[in-house]
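For reference, the chains in residue letters:
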Number of protein chains: 2
Amino acid sequence: MEENNLQSFVKERRKRLGLTQEELSFKAGVGLRFVRDLEQGKSSLQMNKVNQVLKLFGYELGAVPANREDLLHEEG
Amino acid sequence: MEENNLQSFVKERRKRLGLTQEELSFKAGVGLRFVRDLEQGKSSLQMNKVNQVLKLFGYELGAVPANREDLLHEEG
DNA sequence: TGACTTTATACCTTAACGGGTATAAAATGA
DNA sequence: TCATTTTATACCCGTTAAGGTATAAAGTCA
């Protein structure tokens, strides 16, 4: 539990859009397995693939102050 | 030029600490080649390795609203 | 309870990342 | 100008991410 809330962010955003993992993977242009690894908190994912997913939500990977990523839980 | 300012963020922070790429790679526990790829803007880097570097600056990877990553340029 | 949908895990192959090394280029200083 | 330091690029190899497929587990609904 390394506080990897990227996984919950993706999961929450996906559900908010009413998408299944399969639909999200198709829209993002990544494999279904990748979406599952992402939502399961795999830490060694490649940034460009993660960004393909985040882009669907209007987000992208960036450097954020450690222990402040909680701010993302506010609505965009 | 995909506005990958993660590279300039790392480069700037590294210089601010007066470190060479080699010193940074040693402190972060990653290869020198990785630090160079990172500062050159390689987009397919693995998140866990990038986080090893960002941790030295008190930062980590997180989802940020697209086109808002400029806010990171403020001092922590 | 049972069908169906969705998600999680395992196996396998291909492609490429990470990293070491060597070399070249650029920057710094005298 | 020439040394030294630092950074950038290329080559090679071991490891592993990505993704497809299959199977199992979990959730949903009647």
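Notes on the structure in this doc start here. (Residues numbered from 1 in each chain as written. Chains lettered and ligands numbered in written order. Predicted model: local features only at pLDDT ≥ 70, side-chain atom pairs only at ≥ 80, totals over all residues. Heavy atoms only, no water.)

## What about the overall build of chain A?
Thinking step 1. Scanning chain A from N- to C-terminus turns up 4 helices and 1 strand.
Thinking step 2. Put simply, chain A has 76 residues, and 39% of those count as buried.
Thinking step 3. In chain A, the proportion of contacts linking residues at least 24 apart, taken out of those at least 6 apart, comes to 51%.
Thinking step 4. Accessible surface computed for chain A: about 4600 Å², of which carbon and sulfur atoms make up 48%. (Helix = DSSP H or I, 4+ residues; strand = E, 2+ residues; numbered from the N terminus. Buried < 20%, exposed > 50% of the residue type's maximum accessible area, 1.4 Å probe, protein only. Contact = heavy atoms within 4.5 Å. Areas by Shrake-Rupley, 256 points an atom, 1.4 Å probe, with all protein chains shown as cover.)

## Quick word on the packing of aromatic side chains
Residues and elements named next belong to chain A.
Thinking step 1. Under the definition given, this model contains 4 aromatic pairs over all chains.
Thinking step 2. Taken together, a centroid distance of 6.3 Å and an interplanar angle of 80° make the contact between Phe 9 and Phe 57 edge-to-face. Within this pair, whereas Phe 9 is found in helix α1 (residues 6–16), its partner Phe 57 is found in the loop between α4 (47–54) and β1 (59–65), the two being separated by 48 residues in sequence.
Thinking step 3. For the pair Phe 9 and Tyr 59, a centre-to-centre distance of 4.8 Å together with 65° between the ring planes defines the contact as edge-to-face. Separated by 50 residues along the polypeptide, Phe 9 in helix α1 and Tyr 59 in strand β1 bring together distant segments of the chain.
Thinking step 4. Taken together, the aromatic side chains of Phe 9, Phe 57 and Tyr 59 make up a single cluster linked through ring pairs. (Phe/Tyr/Trp six-rings, centres within 6.5 Å; stacked < 30°, edge-to-face > 60°.)

## Regarding the relation of the copies chain B and chain A
Thinking step 1. Rotating chain B by 180° and translating it 0.0 Å along the rotation axis places it on chain A, where the RMSD comes to 0.0 Å. Considering both components of the superposition, the chain copies are consistent with a two-fold axis. Nearest to the rotation axis, the C-alpha of Gln 46 of chain B is located 2.1 Å from it, this being the minimum over chain B.
Thinking step 2. Most of the interface of chain B is mirrored in chain A, where 100% of its interface residues again form contacts. (Least-squares fit on C-alpha atoms with pLDDT ≥ 70 in both.)

## Here we look at the protein's contact with DNA strand D
Thinking step 1. Neighbouring DNA strand D are 17 residues; Arg 33, Leu 45 and Gln 46 of chain A together with Arg 14 and Gln 21 of chain B lie closest to it.
Thinking step 2. By atom count, sugar and phosphate contribute 61% of the portion of DNA strand D lying within 4 Å of the protein.
Thinking step 3. Between DNA strand D and Gly 31 of chain A, the relevant distance is 3.1 Å, taken from a phosphate oxygen to a main-chain nitrogen or oxygen of the residue.
Thinking step 4. The side chain of Arg 33 of chain A places a nitrogen or oxygen atom 2.3 Å from a base oxygen of DNA strand D. (Near = heavy atom within 4 Å. Polar contact = N/O pair within 3.5 Å; in protein donor to acceptor, adjacent residues only side chain to side chain.)

## With respect to the interface of chain B and chain A
Thinking step 1. In this complex, chain B contributes 23 residues to the contact, which on the side of chain A involves 23 residues.
Thinking step 2. Summed over both partners, the interface of chain B with chain A comes to about 2000 Å²; 63% of that surface belongs to carbon and sulfur atoms.
Thinking step 3. For the pair chain B and chain A, the number of links is 0 salt bridges.
Thinking step 4. The interface formed by chain B and chain A holds 9 residue pairs in polar contact (both at pLDDT 80 or more) in total.
Thinking step 5. At the level of secondary structure, the elements contributing two or more residues to the side of chain B that touches chain A comprise α1 (6–16), α4 (47–54) and β1 (59–65) of chain B.
Thinking step 6. Element by element, the count of residues in the side of chain B that touches chain A is highest for β1 of chain B, at 7 residues.
Thinking step 7. Of the residues contributing to the side of chain B that touches chain A, the split by class is 13 nonpolar, 7 polar and 3 charged.
Thinking step 8. Pairing between β1 of chain A and β1 of chain B: 7 bridges, direction antiparallel. Along β1 of chain B, the bridge assignment pairs Ala 63 of chain A with Leu 61 of chain B. (Buried area = accessible area lost by both parts, 1.4 Å probe. Salt bridge = Lys/Arg side-chain N within 4 Å of Asp/Glu carboxyl O. Nonpolar A, V, L, I, M, F, W, Y, C, P; charged D, E, K, R; others polar. Pairing = 2+ DSSP bridges.)

## Considerations on the protein's contact with DNA strand C
Thinking step 1. Among the 17 residues in the neighbourhood of DNA strand C, the closest are listed as Arg 14, Gln 21 and Arg 36 of chain A together with Arg 33 and Gln 46 of chain B.
Thinking step 2. Atoms of DNA strand C within 4 Å of the protein: sugar and phosphate make up 60%, bases the balance.
Thinking step 3. Residue Ser 44 of chain B places a side-chain N or O atom 2.9 Å away from a phosphate oxygen belonging to DNA strand C.
Thinking step 4. Gln 46 of chain B places a main-chain nitrogen or oxygen 2.8 Å from a phosphate oxygen of DNA strand C.
Thinking step 5. Only α1 and α3 (32–39) of chain A together with α3 (32–39) of chain B provide two or more residues apiece to the surface near DNA strand C.

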